[in-house]
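Architecture and fold: a report
The lines below spell out each chain.
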Amino acid sequence: MVFRDVSTTRALALRMAHQAQHDVLTDLPNRLLLNDRITQAMALARRQKTKLAVLFLDLDRFKHINDSLGHDVGDRLLQAVARRLLGCVRGSDTVSRHGAMNS
C-alpha cells in the first residue's frame, strides 16, 4: 500500500479556485461567482415563492481619484469601501466587485 501526502496539491487547487472567483484587490467575489450566486438565489426564491433584491452601486468619478491621488490611494479606497459594505450586510449576502470595463 502506498500513501501520498496530497495536502500541498489540495491547498494549491483551493487557492487557484479562490483566485479564479475573487477580485485580487478586494478579495470580493468577482463576476463569475456573483453570476453563480444570483442564479442560485433566483432558483431558491422561485422555490420558496419569495422575492430577491439586487443592488448595484457605482462610485462616481472614481477615475478622478486615481488620476489625482494615485492608484495606491484608489486601491486603498476600494478596499475600505469593500470592508464597509461587508459590515453592512448579512453573512449570507454577497458583496461583489466588478472592476471597470474600460480604463
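This report concerns the structure included in the present document.

Rules of the game
- Residues numbered from 1 in each chain as written.
- Predicted model: local features only at pLDDT ≥ 70, side-chain atom pairs only at ≥ 80, totals over all residues.
- Heavy atoms only, no water.
- Helix = DSSP H or I, 4+ residues; strand = E, 2+ residues; numbered from the N terminus.
- Contact = heavy atoms within 4.5 Å.
- Areas by Shrake-Rupley, 256 points an atom, 1.4 Å probe, with all protein chains shown as cover.
- Lys, Arg positive; Asp, Glu negative; His and termini not counted.
- Charge placed at Lys NZ, Arg CZ, Asp CG, Glu CD.
- Buried < 20%, exposed > 50% of the residue type's maximum accessible area, 1.4 Å probe, protein only.
- Polar contact = N/O pair within 3.5 Å; in protein donor to acceptor, adjacent residues only side chain to side chain.
- Patch = residues over 30% accessible without salt bridge, like charges linked within 9 Å, V, L, I, M, F, W, Y side chains within 5 Å.
- Salt bridge = Lys/Arg side-chain N within 4 Å of Asp/Glu carboxyl O.
- Expected span 1.5 Å × (residues − 1).
- Arc of directions from axis to C-beta.

1. So, the overall build of the protein chain
Within the protein chain one finds 4 helices and 0 strands. Ordered by position from N to C terminus, the α and β elements of the protein chain give α-α-α-α. Referenced to the eigenvectors of the C-alpha coordinate spread, the extents of the protein chain come out at roughly 65 × 40 × 25 Å. Nonlocal contacts in the protein chain, meaning residues at least 24 apart in sequence, comprise 49% of its contacts between residues at least 6 apart. Entry remark: accessible area of the protein chain is about 8,900 Å², with carbon and sulfur atoms responsible for 56%. In the protein chain, which carries 16 positive and 10 negative side-chain charges, the distance between the mean positions of the two groups comes to 8 Å.

2. As for the environment of Arg-97
For Arg-97, the location among the structural elements is in the segment after α4 (71-88). Note on Arg-97: relative accessible area 22%, which makes it partly exposed. The contacts of Arg-97, once residues within four sequence positions are left out, are Asp-23, Leu-25, Thr-26, Leu-28, Pro-29, Asn-30, Arg-31 and Leu-78. Polar side-chain contacts of Arg-97 include one of 2.9 Å to the side chain of Asp-23.

3. Observations concerning a nonpolar patch on the surface
Together, Met-42, Leu-52, Val-54 and Phe-56 make up a nonpolar patch on the protein surface, roughly 400 Å² of accessible area in all. Mapping Val-54 onto the fold places it in the loop between α2 (31-48) and α3 (62-69). Accessibility expressed as a relative area gives 47% for Val-54, which makes it partly exposed.

4. Things to note about the pattern of salt bridges
Considering all chains together, one arrives at 3 salt bridges under this definition. One salt bridge connects Arg-97 with Asp-23, and the closest N-O pair in it is separated by 2.9 Å. A residue pair is termed long-range when its members are at least 10 positions apart, and Arg-97 in the segment after α4 and Asp-23 in the loop between α1 (7-21) and α2 qualify at 74 residues. In this structure, Asp-93 engages Arg-90 in a salt bridge whose closest nitrogen and oxygen atoms are separated by 2.7 Å. On the basis of relative accessibility, which here comes to 27%, the residue Asp-93 falls in the partly exposed class.

5. A short note on α2
Residues that lie three or four places apart on an α-helix share one face, since the helix turns once every 3.6 residues. The terminal C-alpha atoms of α2 lie 25 Å apart, and with 18 residues this matches the ideal 26 Å at 1.5 Å per residue to within 8%. Listing the buried residues of α2 in full gives Leu-33, Leu-34 and Ala-45. Take α2 and look down its axis: the buried residues cluster within an arc of 105°, on one side only. In α2, the exposed positions that point more than 90 degrees away from the buried face belong to Leu-32, Thr-39, Arg-46 and Arg-47. Buried-residue contacts for α2 involve α1. Directly after α2, the chain includes Lys-49, whose backbone phi takes a positive value near 55°.

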